[in-house]
Amino acid sequence: MNFFEFSRRIERPWGGSLRRRESPAIKRSRCTHNYLPGAIFLSASDSTDAAPGLRSPDRALRLVEHLSRSPQGLTAKQLARRTGIPVKTVYHHLKTIIDRQWAWRGEDGRHYFLPNALGSATDVTARLDRVQPVLQRLAVDSRCGVFLTSLRDEQLTVITHSEIGGAPRLDDIAEGLPEAAHATAAGRALLAAMPSHHRHRYLKASGLRPFTRQTVRSEDELDEELRTAAETGLYTEFGQCRSDIACSGVIVRSGPRTSDNLALATAMPIDLPDDRRRAADRLLRLAVADLVPILGPALTPNEQSRIGD
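Calculation rules
Residues numbered from 1 in each chain as written. Predicted model: local features only at pLDDT ≥ 70, side-chain atom pairs only at ≥ 80, totals over all residues. Heavy atoms only, no water. Helix = DSSP H or I, 4+ residues; strand = E, 2+ residues; numbered from the N terminus. Buried < 20%, exposed > 50% of the residue type's maximum accessible area, 1.4 Å probe, protein only. Contact = heavy atoms within 4.5 Å. Areas by Shrake-Rupley, 256 points an atom, 1.4 Å probe, with all protein chains shown as cover. Polar contact = N/O pair within 3.5 Å; in protein donor to acceptor, adjacent residues only side chain to side chain. Axes fitted to C-alpha atoms, helices over the stretch in contact; angles between N-to-C directions. Parallel < 35°, antiparallel > 145°, perpendicular 65-115°, else oblique. Nonpolar A, V, L, I, M, F, W, Y, C, P; charged D, E, K, R; others polar. 1 Å grid on protein atoms, 1.4 Å probe; cavity = no way out; pocket = protein on both sides within 12 Å on 5 of 7 lines; lining within 4 Å. Points joined across faces, edges and corners; volume = space filled by probe spheres on them. pLDDT = per-residue confidence, 0-100. Patch = residues over 30% accessible without salt bridge, like charges linked within 9 Å, V, L, I, M, F, W, Y side chains within 5 Å. Salt bridge = Lys/Arg side-chain N within 4 Å of Asp/Glu carboxyl O. Lys, Arg positive; Asp, Glu negative; His and termini not counted. Charge placed at Lys NZ, Arg CZ, Asp CG, Glu CD. Pairing = 2+ DSSP bridges.

## As for the overall build of the chain
Logical step 1: Across its full length, the chain holds 12 helices and seven strands.
Logical step 2: For the chain, with 309 residues in total, the buried portion stands at 52%.
Logical step 3: The long-range share in the chain, meaning contacts at least 24 apart out of those at least 6 apart in sequence, stands at 65%.
Logical step 4: If you sum the accessible surface of the chain, you get close to 15,200 Å²; carbon and sulfur atoms cover 49% of it.

## Brief notes about the environment of His161
Logical step 1: Along the polypeptide, His161 turns up in strand S4 (residues 155-162).
Logical step 2: Sequence-wise, His161 and Leu264 are 103 residues apart; in three dimensions their C-alpha atoms are separated by 9.4 Å.
Logical step 3: Among residues more than four places away in sequence, those in contact with His161 are Gln132, Leu135, Val146, Phe147 and Leu170.
Logical step 4: In terms of polar contacts, His161 uses its side chain to reach the side chain of Glu163, at 3.5 Å.

## Considering the packing of helix H8 (residues 185-192) against helix H10 (residues 219-230)
A pair of packed helices is characterised by two quantities: the angle between their axes and the separation of those axes.
Logical step 1: Interaxial distance between H8 and H10 falls to 10 Å at its minimum, and their mutual angle equals 85°. One element, H8, and the other, H10, form an angle in the roughly perpendicular class. Mapping the contact onto sequence places Arg188, Leu191 and Ala192 in H8 and Leu222, Glu225 and Leu226 in H10.
Logical step 2: A per-class count over the contact of H8 with H10 returns four nonpolar, no polar and two charged.

## Focus on the layout of surface pockets
Logical step 1: Here the largest pocket defines a volume of roughly 390 Å³.
Logical step 2: Together, 23 residues line the largest pocket, and Asp108, Arg110, Leu226, Arg227 and Ala230 are the ones closest to its centre.
Logical step 3: Looking at the lining of the largest pocket, the elements with two or more residues in it are helix H4 (76-83), H8, helix H9 (196-206) and H10.
Logical step 4: Considering every element that reaches the lining of the largest pocket, the biggest residue donor is H10, with four residues.
Logical step 5: Across the lining of the largest pocket, the residue classes break down as 10 nonpolar, five polar and eight charged.

## Describing the confidence of the model for the chain
Logical step 1: Here the chain averages 77 in pLDDT, while 73% of its residues score no lower than 70.
Logical step 2: Taken element by element, the chain is modelled with least confidence in helix H2 (residues 24-29), mean pLDDT 39, and with most confidence in strand S5 (residues 235-238), mean pLDDT 96.
Logical step 3: Considering only residues more than four positions removed or in separate chains, one finds that residues 1-55, a stretch of pLDDT under 50, has 110 contacts.
Logical step 4: Scored below 50 in pLDDT, residues 303-309 shows five contacts in the model against residues more than four places distant or in partner chains.

## Looking at a negative patch on the surface
Logical step 1: On the surface, Asp171, Asp172, Asp244 and Asp271 cluster together into a patch of negative charge.
Logical step 2: Locating Asp171 in the fold gives a position in helix H7 (residues 170-173).

## Things to note about the sheet that holds strand S6 (residues 245-253)
Logical step 1: Strand order in the open sheet made by the five strands is S4-S3-S7-S6-S5, with antiparallel pairing throughout. Two strands bound the open sheet, and with one partner strand each, they are S4 and S5. Strand-to-strand twist of the sheet, defined as the mean angle between neighbouring strand axes without regard to direction, takes the value 25°.
Logical step 2: Note: strand S3 (residues 145-152) against strand S7 (residues 262-269), five bridges, orientation antiparallel. Residue pairing for S7: Val146 is matched across the bridge by Thr266.

## Structural notes on the pairing of S6
Logical step 1: S6 sits mainly inside the fold: nine of its nine residues count as buried.
Logical step 2: Pairing of S5 with S6 involves four bridges; the strand directions are antiparallel. Looking at S6, one finds that Tyr235 is bridged to Gly249.
Logical step 3: Hairpin remark: S5 followed by S6, antiparallel, with six residues in the connecting loop; positive phi at Gly239, about 70°.
Logical step 4: Pairing geometry for S6 and S7, over eight bridges, is antiparallel. Considered in S7, the bridge of Gly249 is made with Ala265.

Right under this line is the structure:
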C-alpha cells in the first residue's frame, strides 16, 4: 500500500467526503511535488476523506509525511517549524495520529512514524537482498565502510555491512564492538533512540570502556553530546573507538523495543578532508531515505514465529 492509497483510506465517521477549499498555491502544486529519493512519499492533496478527529486532512497528512521522512523522530515544535502549522494545532493532530497508530511518541518527546500504517510488518533479515545493494552503493560512492547495526541482547551488533578498499573494515573495529555503543556513531544513534531511563540503566550495566584517550568518560558528557547531535539527527565520533577512525551514524528505524531500533553508520579515516566527510554524510542521509521504506517496522514476536511456516 502506498501513501496515495493510505490517504484515501482515511474515512470520516459518517462515511461522507470532506470537500476542501484549495488555495491557488495548492492547486498549482498538485502536479509539482518534489520527491525525496527513496523516501516514503505522501500527497496530502490526494486525500478526500478525513479521519475521526482530524478536521483538516491536509494538515494531518503533512505531519505524517514529515514523520515518515524523519526516522530520527521529530518533536511537535520541529513539526510546526517544518510545516508552518501552529504548534497548538500540531499537538491536536498528533494526539489523533498516535491514537490511530500512525506514529508513536518516545519519552524523549519525539514522534516516530509507524510504517505498519502502510501495511504488514517486515523483518530485517527477510529484506537483506534489498538492503545490501543500498549499503554497497553507499560504500562505493562515499569510499567508507558501511554498517547496519542494532542493539541485540544489550550488545552492539552489526547486522550486515559493506566494505571497500582503503576504508575501515569490520575487522578493524570488531574488537570490543559489542560494548562500544558509547564510543561509536551507530551506537550513539541507538542510545539516543532509547528512553533516557533505559539508556542510563544500560550504560550503568555496560560501563564506559575507554577505548582511546578521546573516548567519552561520563554519562553527563555523553548525554550532552547526544542532545547536540539530536538537533541534526547525525551522530558522530572522532577517534573514540579507534584512534585512526571517525564515524557518522543515523537512525534508520525506531520502535517501542530496543531491538526494533536500527542505525546506519559510515566509517572513514580520521584524517579524511572535511569536504569529503561532509559529502559522505550527505550520501549517508540519502541511503537512510532509501532504507526507510525497505525495512519498515519490526516484526512482533508472533509474526517472527510464523517466519518459515
